[in-house]
Each structure stands twice: as structure tokens, then as C-alpha cells.
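Spelled out from the first residue to the last, the chains are:
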Amino acid sequence: MTNRLQPQLNQVQNAAAEAHAGVPVVDANQLLGKHGVVAIMHGRDEYRLTRTRQNKLLLTKCHDGLSQGLSS
């Protein structure tokens, strides 16, 4: 199934990339995947970037001990 809005989305992404020359642009849907959440390790701290029901992004620092499953 194709997305009718894809050409418009591409134009918005291209404009955003030009506006922030040198700053990487990542599509949130690709980053969050179908589950709508991604774990981000920053040093020894774990953060969760989550898409809310209102389609907003929420960055939350996880409590100590939760990140141990991701650390090697």
C-alpha cells in the first residue's frame, strides 16, 4: 500500500535537511519502529524515546538498574 502523502513528506524532510545543514535528519517513524519506542544509551544512562497517543515525542530517563539489560 502506498502512502498518498509520501511526496509531501519528502518535500518537508528535504526542507528540514536544508534548514539544518550539517545536522543529520532522522524520520521518527523509522527510528521508533512499529512499537513506537526506542532505548537510547548515553554513557551509562538509558533513555526511552516514546511516541505518545497524541503523536508527540517523549524522552524519559530510566531509573537505575533498568539499563543493565542493554549494557555489555
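In every chain, residue numbers begin from 1 and rise along the written sequence. For this predicted model, a pLDDT threshold of at least 70 governs which residues receive local features, and a threshold of 80 or more governs which side-chain atom pairs are given and counted, while totals over whole chains, interfaces and linings are taken from all residues. Side-chain measures were taken over the full set of non-hydrogen atoms in the model, leaving aside hydrogen atoms and water.

A. Summary view of the overall build of the chain. Elements are defined by DSSP. Helices are runs of H or I of four residues or more, strands are runs of E of two residues or more, and each kind is numbered from the N terminus. Of the regular secondary structure elements, the chain holds two helices and three strands. Overall, the chain shows an N-to-C arrangement of helices and strands of α-α-β-β-β. Categorising residues by exposure relies on relative accessible area from a 1.4 Å probe, with only protein chains included: less than 20% of the type maximum marks a residue as buried, more than 50% marks it as exposed, and the intermediate range marks it as partly exposed. Put simply, the chain has 72 residues, and 12% of those count as buried. Contact definition: two residues touch when any of their heavy atoms are within 4.5 Å. Residue pairs in contact within the chain that sit at least 24 positions apart in sequence constitute 11% of those at least 6 positions apart. To measure how exposed things are, a 1.4 Å probe is used in the Shrake-Rupley method; for residues, cover is taken only from the protein chains shown. Approximately 6500 Å² of the chain is accessible, and the part contributed by carbon and sulfur atoms is 53%.

B. Main features of the side chain of E46. Along the chain, E46 falls in strand 2 (residues 45-51). You can call E46 buried: its relative accessible area is 2%. Throughout this description, a polar contact denotes any pair of N or O atoms lying within 3.5 Å of each other; where both atoms belong to protein, one of them has to be capable of donating a hydrogen while the other can accept it, and for residues adjacent in sequence the pair is counted only when both atoms sit in side chains. Within polar-contact distance, the side chain of E46 engages the side chain of R48 at 2.8 Å.

C. View of the environment of D27. Relative to the elements of secondary structure, D27 occurs in the loop between helix 1 (6-19) and helix 2 (28-32). Judged by relative accessible area, which is 19%, D27 ranks as buried. Within the structure, the side chain of D27 is placed 3.0 Å from the backbone nitrogen of N29, a separation counted as a polar contact.

D. Molecular detail of the sheet that holds strand 2. One requirement defines pairing of two strands: DSSP has to find at least two bridges between them. Reading across the sheet, the three strands line up as 1-2-3 and stay open at both edges, with antiparallel pairing between neighbours. This sheet does not close on itself; its edge strands, each paired only once, are strand 1 (37-42) and strand 3 (57-61). In this sheet, neighbouring strand axes are inclined to one another by 25° on average, regardless of whether the strands run parallel or antiparallel. Where strand 2 and strand 3 come together, five bridges link them in antiparallel fashion. When the bridges of strand 3 are listed, R48 appears paired with T60. A fitted line through C-alpha atoms represents every axis, and for helices the fit uses only the stretch in contact; the resulting angles, taken between N-to-C directions, go from 0 to 180 degrees.

E. Summary view of the environment of H42. Checked against the element boundaries, H42 lands in strand 1. Measuring from C-alpha to C-alpha, the distance between H42 and K61 comes to 10.0 Å, with 19 residues separating the pair along the chain.

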